[in-house]
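Here's the letter readout for the chains.
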Amino acid sequence: MATASVVTLLATAGFVGILGVLIKYAGMVQLIAGYDPDRVTDEEGLAAFVGTNVLYVAALLLLVAVVEATAPDRADPVWIAFVAGVGLLTIRMIRGARRYEKDE
């Protein structure tokens, strides 16, 4: 059964997935918040790293959508795991992106 939340989650997963593909495969690093071309030493590496992590976030969104659609009574633990997962991926992206910047 497709509820409004499932449709919203699927649309969000699609949007985030498109962003991940654009960053990773099209090299659109300008989509990365805080991107400074003067400080980045390896644009391809940065695009691959951040794009992959954004695709992980899209996969987490898809997981939540599937659980919401198939077992809505069990969605609360999945939402908690989603928030924790996105938080950890965010920290990983912020810290990992520093590898691709010049030291000052």
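Data block above holds the structure.
Described below are features of the structure shown in this document. (Residues numbered from 1 in each chain as written. Predicted model: local features only at pLDDT ≥ 70, side-chain atom pairs only at ≥ 80, totals over all residues. Heavy atoms only, no water.)

Details of the environment of Ala59
Under the convention used in this document: Each helix is a run of DSSP H or I of at least 4 residues and each strand a run of E of at least 2, with the numbering of both proceeding from the N terminus. Each residue is assigned to one of three classes by its accessible area relative to the maximum for its type, calculated with a 1.4 Å probe on protein chains only: buried under 20%, partly exposed between the two thresholds, exposed over 50%.
Structurally, Ala59 is set in helix 2 (residues 43–70). Of the residues examined, Ala59 reaches a relative accessible area of 43% and is grouped as partly exposed.

Some words on the layout of surface pockets
Let me state the cut-off plainly: With a 1 Å grid laid over protein atoms only, a set of points is called a cavity when a 1.4 Å probe fits there but cannot get out and a pocket when it is open yet has protein on both sides within 12 Å along at least five of seven lines; lining residues have an atom within 4 Å of a point. Grid points are joined across faces, edges and corners, and a volume is the space filled by probe spheres set on the points. Gly is put with the polar residues, along with every residue not named as nonpolar or charged; the nonpolar set is Ala, Val, Leu, Ile, Met, Phe, Trp, Tyr, Cys and Pro, and the charged set is Asp, Glu, Lys and Arg.
As a volume, the largest pocket reaches approximately 220 Å³. Along the walls of the largest pocket sit 14 residues, with Ile32, Ala33, Met93, Ala97 and Glu101 positioned nearest its centre. For the lining of the largest pocket, the secondary-structure elements that each account for two or more residues are helix 2 and helix 3 (75–97). Per-element accounting of the lining of the largest pocket gives the leading share, 4 residues, to helix 3. Here the lining of the largest pocket is built from residues that sort into 9 nonpolar, 2 polar and 3 charged.

So, the nonpolar core
What tends to happen in soluble globular proteins is that the nonpolar side chains get buried as a cluster. Short version of the rule: Nonpolar core, defined: a set of buried Ala, Val, Leu, Ile, Met, Phe, Trp, Tyr and Cys residues in which side-chain atoms within 4.5 Å join the residues together. Residues count as neighbours in contact if any of their non-hydrogen atoms are within 4.5 Å of one another.
By size, the foremost hydrophobic cluster in this structure holds 25 residues, and its most contacted members are Val16, Ile23, Ile32, Leu46, Val50, Val54 and Leu61. The dominant element in this core, judged by the number of residues it contributes, is helix 2, at 11 residues. Setting aside residues no more than four positions away along its own chain, Leu61 makes contact with Leu9, Thr12, Ala13, Val16 and Phe82.

Some thoughts on the environment of Arg39
For clarity, the cut-off: Distance and chemistry together define a polar contact, namely a pair of N or O atoms within 3.5 Å, with one atom able to donate a hydrogen and the other to accept it when in protein, and with adjacent residues in sequence counting only for side-chain atoms on both sides.
Note that Arg39 resides in the loop between helix 1 (4–26) and helix 2. There is a polar contact of 3.3 Å between the side chain of Arg39 and the side chain of Glu101.

Remarks on the packing of helix 1 against helix 2
Defined as follows: Geometry is summarised by axes, namely lines fitted to C-alpha atoms with helices restricted to the contacting stretch, and by angles between N-to-C directions that run from 0 to 180 degrees. If an angle is under 35 degrees, it is roughly parallel; if it is over 145, roughly antiparallel; if it lies from 65 to 115, roughly perpendicular; otherwise it is oblique. Take the far helix as your reference; a near helix turned counterclockwise from it by less than a right angle gives a left-handed crossing, and one turned clockwise gives a right-handed crossing.
Contact pair helix 1 / helix 2: the axes reach a minimum separation of 8 Å and the direction vectors enclose 165°. The angle between helix 1 and helix 2 places the two elements in the roughly antiparallel class. Seen along the crossing, helix 1 lies across helix 2 with a hand that is left-handed. Taken together, the residues of the contact of helix 1 with helix 2 sort by class into 21 nonpolar, 6 polar and 2 charged.

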